Each structure stands twice: as structure tokens, then as C-alpha cells.
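# Reading the structure
The residues making up each chain are set out below.
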Amino acid sequence: MRGLRSGNEVPFTLWHRRRKIGKLRLIVLCDVSGSVWQVSTFLLKLVHTLQKEFASVRSLLFVNSVVEVTDLFQRMRFPEDLEALRHYPNLNLFGFSDFGRAFYQFYRDFLGILNRDTVVVVLGDARNNAFDAQFWTLEDIRQRCRRLLWLNPEPQRLWNTGDSIISV
């Protein structure tokens, strides 16, 4: 403490090291049916913008079957190229939402790549049109990944009403 001229000086130097956040892998499973199309476009733009923050991003869209659009998103410009989704092969925008079928297809095709560094995000209103919800697939997916998030754009008061399966 000798040699200090004022009370503001400290006899040691503080070093701040920026903590590195581990790079997570993100898989987005997004409902793009007519009932959520406006919300989906906003959320897809958000995912498109955040891709740089994750080591790996895979973007999957569905109405009643899952279609991967990761490559399209890498070269897509929003909103100019959004219309391309309407004509994307195997993406039937005019079908009825079938979350259960999408969950099963995701389970069948992607379960093997899930690990503790993977965050799975489901974007959609959970309106399943009275189809089988395949709840068991979500439980297996949830156990394999770091986190399973479901972002539902509907007001919470409408959850679990009608054909909503959000209570999974």
C-alpha cells in the first residue's frame, strides 16, 4: 500500500476476460400453415438473422410434412425471397397442420443428430386439426437435446382449447 498517492488507486490490476459462450446447435421446426403465416415470416426472419450466433443452424418448415430449408436460408434475402417458400418442393402450404406427423418425421429423421449442444425450437400455434399428436416423440426429442422450446403465437387463454395440443 506504500506509494499510493490517492485513495482511488488499487495495488493490483483488474483484468476482465470476456467469457466465451459455447456455440450451440439450433434446429428450428416451424409451422408455416395459413393460420400462422404472418407470425412465421417474422420468426423465420429472426432465425435467419441469428444464424451467425450458432455453430450450426438447421431450418425445417412444415404444414403436414417436414421440409428442410437450411440451404435456401443461407442464400435467401428477406423479405424479397420469401415468396420462394410458397413454391419450395414438397412444402404443401395448402394442407392442414399436422404437428404429430411433423414430430414423428422429425423424430425419425433427426433424433440421431440431437445431443446436449442442440436446442430444438418449435414455432407454431399447436393447432393439430384433431390428428394424432404423437406426444411420445416430443418426450424422446426432449431427452436427447439440451432444450426443447415451443413458441406459440396464440394468446395463452386459447391454449388447450379446441384442437390445440400445446399441453404436450
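We now turn to the structure provided with this report. Just so we're clear, the structure is a prediction, and the values are computed from it rather than from any experiment.

Counting buried positions over the seven residues of strand 2 (residues 56-62) gives five, a clear majority of the element. Bridge count for strand 1 (residues 25-31) against strand 2 is seven bridges, and the pairing is parallel. Bridge pairing in strand 2 links valine 28 to serine 59. Pairing of strand 2 with strand 3 (residues 66-68), which is carried by three bridges, proceeds in the antiparallel orientation. Looking across to strand 3, one finds that phenylalanine 62 is bridged to valine 66. Where strand 2 folds back onto strand 3 in an antiparallel hairpin, the turn is made up of three residues.

Turning to helix 4 (residues 135-144), a few remarks are in order. Burial in helix 4 covers these residues: Thr137, Leu138 and Ile141. End-on view of helix 4: buried residues confined to an arc of 95°, all on one side of the axis. Against helix 3 (99-110), strand 4 (118-123) and strand 5 (147-151) lie the buried residues of helix 4.

Moving on: the nonpolar core. By size, the foremost hydrophobic cluster in this structure holds 24 residues, and its most contacted members are Cys30, Val32, Leu44, Leu61, Val69, Phe73 and Leu85. Looking at this core, the elements with two or more residues in it are strand 1, helix 1 (37-50), strand 2, helix 2 (70-75) and strand 4. Take this core: its biggest share by element is four residues, from helix 1. Phe103, Leu111, Leu114 and Leu138 belong to the second largest nonpolar core, which has 22 residues in total.

Turning to its location among the elements, threonine 70 is positioned in helix 2. Threonine 70 has contacts with Val57, Arg58 and Ser59, leaving out every residue within four places of it along the chain.

Turning our eyes to something else, we now look at the side chain of aspartate 31. Tracing the chain through its elements places aspartate 31 in strand 1. Buried and unpaired, aspartate 31 has no salt bridge, with arginine 127 as the nearest side chain of opposite charge at 9.0 Å. Excluding anything up to four places from it in sequence, aspartate 31 contacts Val36, Ser40, Phe62, Ser97, Phe99, Leu123, Gly124 and Asp125.

Within a pair of aromatic rings, the relevant descriptors are the distance that separates the centres and the angle that separates the planes. Considering all chains together, one arrives at eight aromatic pairs under this definition. Between the aromatic rings of phenylalanine 106 and phenylalanine 110, the centroid separation amounts to 5.2 Å while the plane-to-plane angle is 15°, which identifies the pairing as stacked. Of this pair, phenylalanine 106 and phenylalanine 110 both sit in helix 3, separated by four residues, roughly a single helical turn. Grouping residues by exposure puts phenylalanine 106 and phenylalanine 110 together as buried.

Right, let's talk about the pairing of strand 1 for a bit. On any regular strand, side chains alternate: one points to one face of the sheet, the next to the other face. With six of its seven residues buried, strand 1 lies for the most part within the structure. Note that strand 1 and strand 4 share six bridges and pair parallel. Bridged to valine 28 within strand 4 is valine 121.

In this section: the packing of helix 3 against helix 4. Contact pair helix 3 / helix 4: the axes reach a minimum separation of 8 Å and the direction vectors enclose 40°. Judged by the angle between their axes, helix 3 and helix 4 are oblique. Crossing of helix 3 against helix 4: the hand is left-handed. Residues Phe103, Tyr104, Phe106 and Tyr107 of helix 3 touch helix 4, and the partners they reach there are Trp136, Thr137, Leu138, Asp140 and Ile141.

Conventions used here
Residues numbered from 1 in each chain as written. Predicted model: local features only at pLDDT ≥ 70, side-chain atom pairs only at ≥ 80, totals over all residues. Heavy atoms only, no water. Buried < 20%, exposed > 50% of the residue type's maximum accessible area, 1.4 Å probe, protein only. Helix = DSSP H or I, 4+ residues; strand = E, 2+ residues; numbered from the N terminus. Pairing = 2+ DSSP bridges. Arc of directions from axis to C-beta. Contact = heavy atoms within 4.5 Å. Core = buried A, V, L, I, M, F, W, Y, C linked by side-chain atoms within 4.5 Å. Lys, Arg positive; Asp, Glu negative; His and termini not counted. Salt bridge = Lys/Arg side-chain N within 4 Å of Asp/Glu carboxyl O. Phe/Tyr/Trp six-rings, centres within 6.5 Å; stacked < 30°, edge-to-face > 60°. Axes fitted to C-alpha atoms, helices over the stretch in contact; angles between N-to-C directions. Parallel < 35°, antiparallel > 145°, perpendicular 65-115°, else oblique. Left-handed = near helix turned anticlockwise from the far one by under 90°.

Everything listed here is a matter of geometry and, on its own, says nothing about what the molecule does.
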